[in-house]
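Geometric and topological summary
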Amino acid sequence: MSGKTIVMTSGKGGVGKTTATANVGTALALRSNRVVVIDTDIGLRNLDVVMGLENRIVYDLVDVVEERCKIEQALIRDKHAGELYLIAAAQTRDKDCVSGEQLVDLCRRLEAEFDYVIVDCPAGIEQGFRNAIAAAQEALVVTTPEVSAIRDADRVIGLLHASEIRSARLIINRIKPDLVRRGDMLDASDVLEMLAVDAVGLVPSDDRVITSTNNGTPVVYDTQSPSGREFVRVAARIDGEYIPMIDPVDEQPTSIMDKVRTLMGINRKASAHV
Amino acid sequence: MFKLFWKDRGLRKGSPRQVARERVESAIRRDRMEVSAPQLSALRDNMLFTIKEHLPVAPEFTEFGLQRDVDGVFLVSRVRLQDIR
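Reference entry: report on the structure contained in this document.

Rules used throughout
- Residues numbered from 1 in each chain as written.
- Chains lettered and ligands numbered in written order.
- Predicted model: local features only at pLDDT ≥ 70, side-chain atom pairs only at ≥ 80, totals over all residues.
- Heavy atoms only, no water.
- Helix = DSSP H or I, 4+ residues; strand = E, 2+ residues; numbered from the N terminus.
- Buried < 20%, exposed > 50% of the residue type's maximum accessible area, 1.4 Å probe, protein only.
- Contact = heavy atoms within 4.5 Å.
- Pairing = 2+ DSSP bridges.
- Axes fitted to C-alpha atoms, helices over the stretch in contact; angles between N-to-C directions.
- Expected span 1.5 Å × (residues − 1).
- Arc of directions from axis to C-beta.
- Salt bridge = Lys/Arg side-chain N within 4 Å of Asp/Glu carboxyl O.

**Quick look at the overall build of chain B**
Scanning chain B for helices and strands turns up three helices and two strands. Reading chain B from its N terminus to its C terminus gives the helix and strand order α-α-α-β-β. Every one of the 85 residues in chain B was classed for burial, and the buried ones make up 24%. At a minimum sequence separation of 6, the contacts of chain B that also span at least 24 residues come to 35%.

Have a look at this one:
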């Protein structure tokens, strides 16, 4: 097996990078892929909590690179998806205790066993970011339709290109269709035009993400969740399947009749494709 | 292809979306034009080296840098020549 390493990055913190990592990783595993997600946010780990695996951590990333355990001992099997594993970040160590070379070596070894190695990158563009992108062949840049997040995403895309990661695609998270319709929020076309990269997902803002995170169950398991459905489509696109891009502004029902249709299970075909 | 299918929603003048778009574009333009101090210094030295081949330069009065205004980013230089009277 020769898998690929994908880094999830954003520049700005708090845009939903870790949530996206958990959901894309889970959705890829539900497509019968062997997937490992690595939390590289040393000192501020959260991927374990989002995936509901915080009580199963015995060994972490730093234990692996410092050879206090074998890789297999640090792999935490997911509760739900059979072939999904987590390597947690160390919570009580310094960010500098893992080098780029060590992470590259780990990812190359994991690529021999897994279809996808997904690296959850820390926020910012410091050493932790440089370590995380060192091992990746592809990057998914998570942003929200907000000024600061887009600006930081642009900076990160520039750095990814400088480090010769040419395949950087965008996940635009937390799109609020009502605000976009009123002209109060940037829409997906604005963001894509300014950043000049391809999209791999347009994820609507969704309260169900909060409840799923509280429960430690990724939102892709919730078939009623609009964001969960989009993360499933993101995984399919990463996996090479052609799935047309669906703008949440067109997907979400606006009129009472649309809402009745949705409740009755009569779906109107989404009309906005990229 | 992308443009053909995308609806132009709410991009009216003065709307929060329009304001946000202009602000992001402005910020990104500046960020992309950022030149590091060593790069700027090397550029200045190269420029002075070339000018000195043609004209006598008084380097202690050389200004060199990036200036930004609403029209964009400009590389601005002011080089004093030696008095040859």
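Still more ground to cover, so stick around.
**A few points about the sheet that holds strand 8 (residues 199-204) of chain A**
Residues and elements named next belong to chain A. Strand order in the open sheet formed by eight strands is 3-4-2-5-1-6-7-8, and the pairing between neighbours is mixed. Each having just a single partner strand, strand 3 (76-77) and strand 8 make up the two edges of the open sheet. For strand 2 (residues 35-39) and strand 5 (residues 116-120), the ladder comprises five bridges, and the chain directions are parallel. What sits directly across from V36, in strand 5, is V117. Strand contacts of helix 1 (residues 17-30): strand 1 (4-9), strand 2, strand 4 (84-87), strand 5, strand 6 (138-143) and strand 7 (167-175), with the helix running at about 170° to strand 5, the strand carrying the most contacts. Strands strand 1, strand 6 and strand 7 of the sheet are contacted by helix 7 (residues 147-162), whose axis makes an angle of about 170° with strand 6.

**Let's talk about helix 5 (residues 100-111) of chain A**
Because an α-helix packs 3.6 residues into every turn, residues spaced three or four apart end up facing the same way. All names here are of chain A. Over its twelve residues, helix 5 extends 16 Å from the first C-alpha to the last, a length consistent with the 16 Å expected when each residue adds 1.5 Å. For helix 5, every residue scored as buried is listed here: G100, L103, L106, C107, L110 and E111. Seen along its axis, helix 5 keeps its buried residues to an arc of 135°; they face one direction.

**Considering unusual backbone geometry**
Residues and elements named next belong to chain A. Positive phi, close to 60°, is recorded for E67, a residue that is not glycine. Note on placement: E67 falls in the loop between helix 3 (61-65) and helix 4 (71-74). By relative accessible area, which is 70% here, E67 ends up exposed. Not every positive phi belongs to a glycine, and A196 is a case in point at roughly 55°. Tracing the backbone shows A196 in the loop between helix 9 (188-195) and strand 8.

**Some thoughts on helix 2 (residues 16-33) of chain B**
Look at helix 2 of chain B: 26 Å from first C-alpha to last across 18 residues, which is about the 26 Å you get at 1.5 Å a residue. Every buried residue of helix 2 of chain B is accounted for by R17, Q18, A20, R21, V24, A27 and I28 of chain B. Buried residues along helix 2 of chain B sit in contact with helix 7 and helix 9 of chain A.

**A word on the pattern of salt bridges**
Counted according to the given criterion, the structure contains 23 salt bridges over all chains. R77 of chain A serves as the salt-bridge partner of E83 of chain A, at 3.2 Å between the closest nitrogen and oxygen. For E83 of chain A, a relative accessible area of 28% gives the class partly exposed. R77 of chain A gets classed as partly exposed once you look at its relative accessible area, which sits at 42%. R17 of chain B serves as the salt-bridge partner of D187 of chain A, at 3.6 Å between the closest nitrogen and oxygen. You can see D187 of chain A sitting in the loop between helix 8 (177-182) and helix 9 and its partner R17 of chain B sitting in helix 2, one on each of two chains. Residue classification places D187 of chain A among the buried positions, given a relative accessible area of 2%. When salt bridges with common partners are traced through the structure, they connect D187, D190 and E193 of chain A together with R17, R21 and E25 of chain B into a single cluster.

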